[in-house]
Amino acid sequence: ADAVICVSENTKKDLMELSGVPEEKITVVYEASELDIQMSYGEESVPERPYFLYVGSRNPNYKNFDRLLDALSKVVSRFPEAMLLAVGGSFRDFEQKQIDELGLQNHLQTLKQPDDRHLAKLYRCSVAFVYPSEYEGFGIPPLEAMACGTAVIASNRSSIPEVVGDAGIQFDPHSVEDLAEAMLSVLDRPAQRDRLVERGFDRAQQFNWNQTAERTLEVYQKVL
């Protein structure tokens, strides 16, 4: 290839290390969110209880959902009304086993495929969006969450810090205590949560698809 586009600096680093592609061939072009807060004021239903939101695949190899469940059990011991809404499919047998062992049956809800407006509202109305993944090439859900007006609690691994910056709470994805503390902080300190929401709006404005298209075109023109 004469040129390679990567969606993050972290992906660029991985490409160079794993495939030996020279740096001068690589251009980083960030992705963006198609959701925003203006989409989030419809009549779609959201949980009545205070809820954390998880969106996407729960691949056990790297999505780290098991530690999120462990952290949730610590959160609900202090805030019994709190719950987690997981968007992305029904719980599998091994997940349900952990849920039962932790006594979280009344603190979890799943939703398979909400449309964009419903998802935007789910983001906005949540206490916070939680992203415990150990690896992402970019990570669009935290960006969607910031654009839709909720606090972001995200892993400090791979490309995720490039997206979240200082607009969210970053935590060690290997530490259940670190994650539980972050989740409790937005429940304990609503003013801090509000500040995160405002910073998130500003951060999300730095990523947009027009800019992505322009930078992609520049790479094409350079190759031609």
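Preceding this paragraph is the structure being described.
Residues numbered from 1 in each chain as written. Predicted model: local features only at pLDDT ≥ 70, side-chain atom pairs only at ≥ 80, totals over all residues. Heavy atoms only, no water.

*Asks:* Report on the layout of surface pockets, specifying residues and quantitative values.
*Replies:* Here the largest pocket is characterised by a volume of approximately 180 Å³. Contributing to the lining of the largest pocket are A32, S33, L35, D36, L143, A147, F201, A204, Q205, F207, N208 and W209. Of all the secondary structure elements, the ones that give two or more residues to the lining of the largest pocket are α5 (140–148) and α8 (190–204). Taken together, the residues of the lining of the largest pocket sort by class into 8 nonpolar, 3 polar and 1 charged. (1 Å grid on protein atoms, 1.4 Å probe; cavity = no way out; pocket = protein on both sides within 12 Å on 5 of 7 lines; lining within 4 Å. Points joined across faces, edges and corners; volume = space filled by probe spheres on them. Helix = DSSP H or I, 4+ residues; strand = E, 2+ residues; numbered from the N terminus. Nonpolar A, V, L, I, M, F, W, Y, C, P; charged D, E, K, R; others polar.)

*Asks:* Lay out the packing of helix α7 (residues 176–188) against α8 with the relevant residues and their values.
*Replies:* Between α7 and α8, the shortest axis-to-axis distance is 5 Å and the interhelical angle comes to 105 degrees. Considering the angle they form, α7 stands roughly perpendicular to α8. Contacts between α7 and α8 involve S185, V186, L187 and D188 from the former and P190, Q192, R193 and L196 from the latter. Split into classes, the residues belonging to the contact of α7 with α8 amount to 4 nonpolar, 2 polar and 2 charged. (Axes fitted to C-alpha atoms, helices over the stretch in contact; angles between N-to-C directions. Parallel < 35°, antiparallel > 145°, perpendicular 65-115°, else oblique. Contact = heavy atoms within 4.5 Å.)

*Asks:* Hey, could you go over the pattern of salt bridges for me, with residue numbers and the actual values?
*Replies:* One pass over the structure, following the stated rule, counts 11 salt bridges. Its salt-bridge partner being E23, residue K12 comes within 3.0 Å of it at the nearest N-O pair. Separated by 11 residues along the polypeptide, K12 in helix α1 (residues 9–19) and E23 in the loop between α1 and β2 (26–28) bring together distant segments of the chain. The buried category is assigned to K12, whose relative accessible area is 12%. Two residues, D188 and R78, come together in a salt bridge whose shortest N-O distance is 2.9 Å. Residue D188 is located in helix α7, and its partner R78 is located in helix α2 (residues 65–78); the two are separated by 110 residues in the primary sequence. Residue R78 is classed as partly exposed on the basis of its relative accessible area of 48%. Here the residues in one salt-bridge network are R58, R92 and E95, joined through shared partners. (Salt bridge = Lys/Arg side-chain N within 4 Å of Asp/Glu carboxyl O. Buried < 20%, exposed > 50% of the residue type's maximum accessible area, 1.4 Å probe, protein only.)

*Asks:* Run through the nonpolar core, naming residues and quoting values.
*Replies:* A general tendency of soluble globular proteins is for nonpolar side chains to be buried together. F52, I153, M183 and V186 are the most contacted members of the largest nonpolar core, which has 32 residues in total. Counting only elements with at least two residues in this core, the list comes to β3 (51–55), α2, β4 (83–87), β6 (128–131), β7 (151–155), β8 (169–171) and α7. Tallying contributions element by element places α7 first for this core, with 8 residues. When residues no more than four places from it in sequence are discounted, the contact partners of V186 are F52, V127, A128, A151, I153, I169, R193 and L196. With 29 residues, the next largest nonpolar core counts A145, V152, A167 and A204 among its residues. (Core = buried A, V, L, I, M, F, W, Y, C linked by side-chain atoms within 4.5 Å.)

So far we have only geometry, and geometry alone does not tell us how the molecule works.
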